[in-house]
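Residue-level structure breakdown
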Amino acid sequence: MEKTILDCILLLVLGFFFLVKGSDLFVEGASNVAKKMKIPTIIIGLTLVSLGTSAPELSASINSAIINDSNMNFGNVVGSNIFNLLVVIGASSLFVPLIISKQILKYDLPILLGIYGLLALFTMVISPNELVLWESIVILILAIVYTVFLILRNKKEIQEEKAKPIDENLQASKKNKWWKNILFIVIGLAGIIGGGRVVVDNAKQIAEFFKVDSLIIGLTIVAIGTSLPELVTSIVAAKKGENDIAVANVVGSNIFNVLLILSSSAIINNVMHKPLEVAKNPNFIDLAFMAFTTILFKNSSAFSILFVSIQSECFVPYLLIWLIASSKSLFVKFLAFALRPYLVPAI
């Protein structure tokens, strides 16, 4: 029986549910196992939690790489990064002004811009219009380097946590049973992998039904769905007044989206099919806009009059900018279609 467009939409929503719930269960199970192994909480937060909130993007991109859909793959990462900085941060600022830490301004945002610069160098100069295998491996290695840098940067907090009484750590870990945590990890991974496959398959069918490029679906529907963990985490953190978590969650996710997710899916694409195609029009515009949103975010916080913050008034302009960013690919496609009779000689 052939699926209808309504079936595809319902399955897409169901896939997003499995992605989000799966990542939540995975983080909970893995975090509890790490605590039982007496790994400091801050290291868990810097690694497992960051990976957990980025798990939906990872699953969607890897599944896109498996079916050799470069547009969906690249669009998911770029669209998610744009959505995170504009809508997630904007929505979080509705509850409380988001104060940006000096560490994020000094280290993480420049690192993020540097990563975009490296990606542009690889895909526009060294190997135009594609991301080849060795470049993908270099970017993946940088993900490991950045994780080590995060741990070293928080060395003081790690030492303080290790100095806590042993009884306190043991008492906290006794509440969690091994089998339950392992079960959470297994179910979580199954939800992430299965949900990602369902999302990509049905998103592709929706794109084919409406006769739009899968890049547009990746930049909008898939990007929004896979960014739900970041949206929920940042809003909850903002409501609790935990500004550092609300902002660090988004910035860290954006860094790992490129260093870990894009590189991993690009490696799979290279091994199974061919180099990942990027930077082709309108992908080049999307890449440039992703860098622009980071600069906008950095400047809107760095030049605040009284303190380093993002006010709730930013939400509306940020949302409008995201809407423009997500709709521009459709506009470019429509413009090309409208001008085609004048640009292509009649045969």
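Residues numbered from 1 in each chain as written. Predicted model: local features only at pLDDT ≥ 70, side-chain atom pairs only at ≥ 80, totals over all residues. Heavy atoms only, no water.

When you go through the protein residue by residue, the secondary structure sums to 13 helices and four strands. With 347 residues in all, the protein has 47% of them scored as buried. The contacts of the protein with a sequence gap of at least 6 include a subset with a gap of at least 24, amounting to 84%. For the protein, the accessible area works out to roughly 17,000 Å², and carbon and sulfur atoms hold 71% of it. (Helix = DSSP H or I, 4+ residues; strand = E, 2+ residues; numbered from the N terminus. Buried < 20%, exposed > 50% of the residue type's maximum accessible area, 1.4 Å probe, protein only. Contact = heavy atoms within 4.5 Å. Areas by Shrake-Rupley, 256 points an atom, 1.4 Å probe, with all protein chains shown as cover.)

As enumerated under the stated definition, the model contains six aromatic pairs in all. Arranged with centres 5.8 Å apart and planes meeting at 70 degrees, the rings of Tyr146 and Phe256 form a pair that is edge-to-face. You can see Tyr146 sitting in helix 5 (residues 133-153) and its partner Phe256 sitting in helix 11 (residues 243-272), a full 110 residues away along the chain. On the basis of relative accessibility, which here comes to 6%, the residue Tyr146 falls in the buried class. For Phe256, a relative accessible area of 9% puts it in the buried group. Here the aromatic residues Tyr107, Tyr146, Phe149 and Phe256 are joined through ring pairs into a cluster of three or more. (Phe/Tyr/Trp six-rings, centres within 6.5 Å; stacked < 30°, edge-to-face > 60°.)

Assignment of secondary structure puts Asn81 in helix 3 (residues 70-92). Separated by 2.7 Å, the side chains of Asn81 and Asn257 make a polar contact. Contacts of Asn81, omitting those with residues within four sequence positions, involve Tyr116, Asn254, Asn257, Val258 and Met290. (Polar contact = N/O pair within 3.5 Å; in protein donor to acceptor, adjacent residues only side chain to side chain.)

Moving on to unusual backbone geometry. Even without being a glycine, Asn68 presents a positive backbone phi close to 60 degrees. Considering the arrangement of structural elements, one finds Asn68 in the loop between helix 2 (41-66) and helix 3. A positive phi angle is found at Asn129, which is not glycine, with a value near 70 degrees. Looking at the secondary structure, you find Asn129 in the loop between helix 4 (102-126) and strand 2 (130-131).

Time to look at the nonpolar core. Counting residues in hydrophobic clusters, the biggest one holds 49 residues, and the most contacted among them are Leu131, Val247, Leu262 and Phe297. Excluding residues within four positions of it along the chain, Leu131 makes contact with Leu119, Phe122, Thr123, Ser136, Ile139, Leu262, Ala266, Asn270, Pro275, Leu276 and Val278. Core analysis: the next-biggest nonpolar cluster, separate from the first, contains 20 residues, Cys8, Ala30, Ala203 and Ala207 among them. (Core = buried A, V, L, I, M, F, W, Y, C linked by side-chain atoms within 4.5 Å.)

Our next topic: the packing of helix 8 (residues 178-210) against helix 9 (residues 214-226). Two measures define how a pair of helices packs: the angle their axes make with one another and the distance between the axes. Contact pair helix 8 / helix 9: the axes reach a minimum separation of 9 Å and the direction vectors enclose 125 degrees. Compared by their axis directions, helix 8 and helix 9 come out oblique. Viewed along their axes, helix 8 and helix 9 form a crossing whose handedness is right-handed. Across the interface between the two elements, Val199, Ala203, Ile206 and Ala207 from helix 8 touch Ser214, Ile217 and Val222 from helix 9. Of the residues in the contact of helix 8 with helix 9, the class split is six nonpolar, one polar and no charged. (Axes fitted to C-alpha atoms, helices over the stretch in contact; angles between N-to-C directions. Parallel < 35°, antiparallel > 145°, perpendicular 65-115°, else oblique. Left-handed = near helix turned anticlockwise from the far one by under 90°. Nonpolar A, V, L, I, M, F, W, Y, C, P; charged D, E, K, R; others polar.)

Here we take up the packing of helix 4 against helix 11. Across the interface, helix 4 lies against helix 11 with an axial gap of 11 Å and an inter-helix angle of 25 degrees. In terms of axis orientation, helix 4 runs roughly parallel to helix 11. The handedness of the crossing between helix 4 and helix 11 is left-handed. Here Ile104, Asp108, Leu109, Ile111, Leu112, Ile115, Tyr116 and Leu119 of helix 4 lie close against helix 11, whose contacting residues are Val247, Ala248, Val251, Asn254, Ile255, Val258, Leu259 and Leu262. Of the residues belonging to the contact of helix 4 with helix 11, the class tally is 14 nonpolar, one polar and one charged.

Under the definition given, this model contains five salt bridges. We note a salt bridge from Lys21 to Asp24, for which the minimum N-O separation is 3.9 Å. Here Lys21 and its partner Asp24 are both found in helix 1 (residues 5-36), three residues apart, which amounts to about one turn of the helix. Looking at Lys21, the relative accessible area reads 39%, which means it is partly exposed. For Asp24, a relative accessible area of 40% corresponds to the partly exposed category. Across the pair Asp108 and Arg153 runs a salt bridge, and its minimum N-O distance is 2.9 Å. In this pair, Asp108 sits in helix 4 while Arg153 sits in helix 5, placing the two residues 45 residues apart along the sequence. By the burial criterion, Asp108 is buried, and Arg153 matches it. (Salt bridge = Lys/Arg side-chain N within 4 Å of Asp/Glu carboxyl O.)

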